[in-house]
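# Summary of structural features
These are the residues of each chain, in order.
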Amino acid sequence: MNKLDLKLLRRLLGLAVPYWKSEERAKAWGYLGLLGLLLIGYTWSGVQFNQYSGEFTSALAAKDSDRFWHAIRVFSLLLVVAVPIYSFYYYVRDKLSILWRRWLTDRVLRSYFANRSFYRLLAMPEIDNPDQRVAEDISTFTSQSLNYLLLFASAAFELLAFSKVLWAISKPLVFFLVLYAAVGTLVTIGYFSGRMISLYFERLRREADFRFGLVRIRENAESIALYHGEDQERAQVQRRFGSVYGNFMELINWGLRLNFFSYSYSLLTLALPSIIIAPRVLTGELEVGRVVQAAGAFSAILAALNVFVTNLEYLSRFAAGVERLDSFVRRLESESSQSAVKSKIVTRIADDLRFDRITLQTPGYERTLVKELTLDLEPGKGLMIVGPSGCGKSSLLRAIAGLWDAGSGTLVRPQLDDMLFLPQHAYMILGTLRGQLLYPKLNRKLTDDELHQVLEDVRLPNLIARCGGLDADSDLEKVLSVGERQRVAFARVLLHRPRYVLLDEATSALDQENETALYRLLTAMSATIVSVSHHSSLLRFHSHVLELDGEGAWQSLPAANYRIHTEDSDTSQE
């Protein structure tokens, strides 16, 4: 076994073993034990069918009517026994597969959403397409792991069962079979396996990238159409498909070589058993039916010995999926070695917001955004963050939210449940308008009148009618303008009434009248407001201004005397 095989085995066991030790282990082992019994019955049935197939032939060749009909009766009884065994075998296998998939999906999703790992993965380009790894790779792993476990177990059972049959018919045939299988396995492992696995791993990645490119076009269709960017987008998608095409061409070229070998290898077995035992049949030493039995036993044993050869293409796909899923799970469940040795901002929980010598860097530590920031914001006061585009204004809010922690110093902040963040692009969930307003705490009990009133407050009095009611499913991402979505986000704030509200250009699409009206609602809540904005009209709702210069320097000034010299219209997110 080479290093690649050992590495794959370790990854496979690392993903599989936790389920069989989990709280569901009793059910899992029970199903697996039942599968083992059914597999034994499955193998026994195959041996019996092979034996009585030979009986048919021998009885017909001998023109022995009684022997023939006796074999038919026994064969019929075998069918009555075998059909339920076969049917329940596949039922139990698929049931265990979906139970395993459910457990592993729950485990991965817990890690995916814990500590906002789904967000942190954005800074890890090596973990591409996490959605595919959760939706497809887990399903493939659980189903194929069971399939291959049962395949190898079945091969072992058939090897034991049919070897006895073949040994009784022809000992030289057994020795030839072992040698033939050994040569085929060595050729397959030595020449095909490594390259096929790497090609299938690359195929999964490239297919996912191609699909992701198409999804982005659908999600940004309007922006692309307004920019007349069809040619550029088509070219990008075609480049991605070109990578898929190139990989697939290499795969089918290697598949052609594999097929030449595997079909030559397997088709020869149709004649080899007959050739080897033909002299004994021709001399009358063996019945004609024994040739049928020998051919069946030979095929079964060869299939058992060559399980790797005949399943190399599928095993290569499986191995590639295991590698992708393992790297994803490991990344979710442990910090990278790079981040472990880098300094991080220390977070402490209190009733106010304080920055104690905070140096903030980008997640990869490539750039320093703010140096040695020290600032206290008392509850009920307001802080407005200003500065040129790219200076770190939005990044500072990300640090408060716990999304970015690269850097040093101590950040004192309230519990996250006491804060609500409003980004420039208000997030609209899939579902009803009621769920939209209550997000992210959908289990809150508020009356229809309360929801209607808050929509009145944010100047969306007709939204309920436009959506067909509070409980009708609607895609507000398409129904509402950017400014209307920003007002829905303010409605959430008014309903949740957090102690701290952090706004990142959250009114950028609103006119001054609507913007002022919404900030007055926040002030009436007595919430502490932290805003990133370039609108001088908002200064009156804040007590202090934090000015960043884009080089890491900063200064804190009273808002009453501050003037924004340039109405910078750039609202990009740092």
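Anything mentioned here points back to the structure above.
Here we summarise the structure given alongside this text. (Residues numbered from 1 in each chain as written. Predicted model: local features only at pLDDT ≥ 70, side-chain atom pairs only at ≥ 80, totals over all residues. Heavy atoms only, no water.)

### Some thoughts on the packing of helix α19 (residues 482–496) against helix α20 (residues 512–524)
Between α19 and α20, the shortest axis-to-axis distance is 10 Å and the interhelical angle comes to 10°. Considering the angle they form, α19 stands roughly parallel to α20. Like other packed secondary-structure pairs, α19 and α20 cross with a definite hand, here left-handed. Contact residues: α19 offers Arg487, Phe490, Val493 and Leu494, while α20 offers Asn514, Leu518, Leu521 and Leu522. Residues of the contact of α19 with α20, tallied by class, amount to 6 nonpolar, 1 polar and 1 charged. (Axes fitted to C-alpha atoms, helices over the stretch in contact; angles between N-to-C directions. Helix = DSSP H or I, 4+ residues; strand = E, 2+ residues; numbered from the N terminus. Parallel < 35°, antiparallel > 145°, perpendicular 65-115°, else oblique. Left-handed = near helix turned anticlockwise from the far one by under 90°. Contact = heavy atoms within 4.5 Å. Nonpolar A, V, L, I, M, F, W, Y, C, P; charged D, E, K, R; others polar.)

### Points about the sheet that holds strand β10 (residues 528–532)
Taken in spatial order, the 6 strands make up an open sheet running β6-β9-β10-β4-β11-β12, and their pairing is mixed. Strands with a single pairing partner mark the edges of an open sheet, and in this sheet they are β6 (419–422) and β12 (554–558). Recorded for the sheet is a direction-independent mean angle of 15° between the axes of neighbouring strands. In this structure, strand β9 (residues 500–504) lies alongside β10, joined through 5 bridges in parallel fashion. Within the sheet, the bridge partner assigned to Asp504 lies in β10 and is Val532. The strands touched by helix α14 (residues 393–400) within the sheet are β4 (382–386), β6, β9, β10 and β11 (544–548), with β9 carrying the most contacts at an inclination of about 150°. Where α19 meets the sheet, it contacts β6 and β9, and its direction lies at approximately 175° from that of β6. (Pairing = 2+ DSSP bridges.)

### Some points on α14
A large share of α14 lies buried, amounting to 8 of its 8 residues. Every buried residue of α14 is accounted for by Lys393, Ser394, Ser395, Leu396, Leu397, Arg398, Ala399 and Ile400. Just downstream of α14 lies Gly402, where phi reads positive at about 85°. (Buried < 20%, exposed > 50% of the residue type's maximum accessible area, 1.4 Å probe, protein only.)

### Quick word on the nonpolar core
The tendency in soluble globular proteins is for nonpolar side chains to be buried side by side. In terms of nonpolar packing, the biggest core is built from 45 residues, with Leu422, Leu433, Leu437, Leu455, Leu503 and Leu522 touching the most fellow members. Those elements giving two or more residues to this core turn out to be β4, β6, α15 (433–438), α16 (448–457), α17 (463–466), α19, β9 and α20. Here the element with the most residues in this core is α19; it accounts for 7 residues. In contact with Leu455, not counting residues within four places along its chain, are Leu433, Leu437, Leu460, Pro461, Leu463 and Ile464. Counting 35 residues, the second largest nonpolar core, distinct from the first, contains Trp100, Leu104, Tyr112 and Leu121. (Core = buried A, V, L, I, M, F, W, Y, C linked by side-chain atoms within 4.5 Å.)

### A few points about unusual backbone geometry
Between Tyr439 and Pro440 the backbone carries a cis peptide bond, its omega angle lying at 10°. Following the sequence through the fold, Pro440 ends up in the loop between α15 and α16. If you check the backbone angles, Arg459 has positive phi at about 65° while not being a glycine. Here Arg459 is to be found in the loop between α16 and α17.

### Some words on the pattern of salt bridges
Evaluated as defined, the whole model comprises 19 salt bridges. Of the charged contacts, one joins Asp231 and Arg234 as a salt bridge, the two residues approaching to 3.2 Å between their closest N and O atoms. Placement of the pair is Asp231 and Arg234 together in helix α8 (residues 230–267), with a separation of 3 residues, close to one helical turn. We classify Asp231 as partly exposed; its relative accessible area is 48%. What makes Arg234 partly exposed here is its relative accessible area of 47%. One salt bridge connects Asp352 with Arg354, and the closest N-O pair in it is separated by 2.8 Å. Judged by its relative accessible area of 17%, Asp352 falls in the buried class. Residue classification places Arg354 among the partly exposed positions, given a relative accessible area of 31%. Each of Arg11, Glu323, Asp326 and Arg330 takes part in one network of salt bridges that share partners. (Salt bridge = Lys/Arg side-chain N within 4 Å of Asp/Glu carboxyl O.)

### What to know about the packing of aromatic side chains
This model, assessed by the stated rule, comprises 21 aromatic pairs. Measuring from centroid to centroid gives 5.2 Å for Tyr19 and Trp20, while their planes differ by 75°, and the two rings are edge-to-face. Since its relative accessible area comes to 13%, Trp20 is described here as buried. Arranged with centres 6.5 Å apart and planes meeting at 80°, the rings of Tyr42 and Tyr90 form a pair that is edge-to-face. Placement of the pair is Tyr42 in helix α2 (residues 25–61) and Tyr90 in helix α3 (residues 65–113), with a sequence separation of 48 residues. Residue classification places Tyr42 among the partly exposed positions, given a relative accessible area of 22%. When its relative accessible area of 35% is taken as the criterion, Tyr90 is described as partly exposed. Across from the ring centre of Trp254, 4.4 Å away, lies the NZ or CZ of Arg257, which sits over that ring. (Phe/Tyr/Trp six-rings, centres within 6.5 Å; stacked < 30°, edge-to-face > 60°. Lys NZ or Arg CZ within 6 Å of the ring centre and 35° of its normal.)

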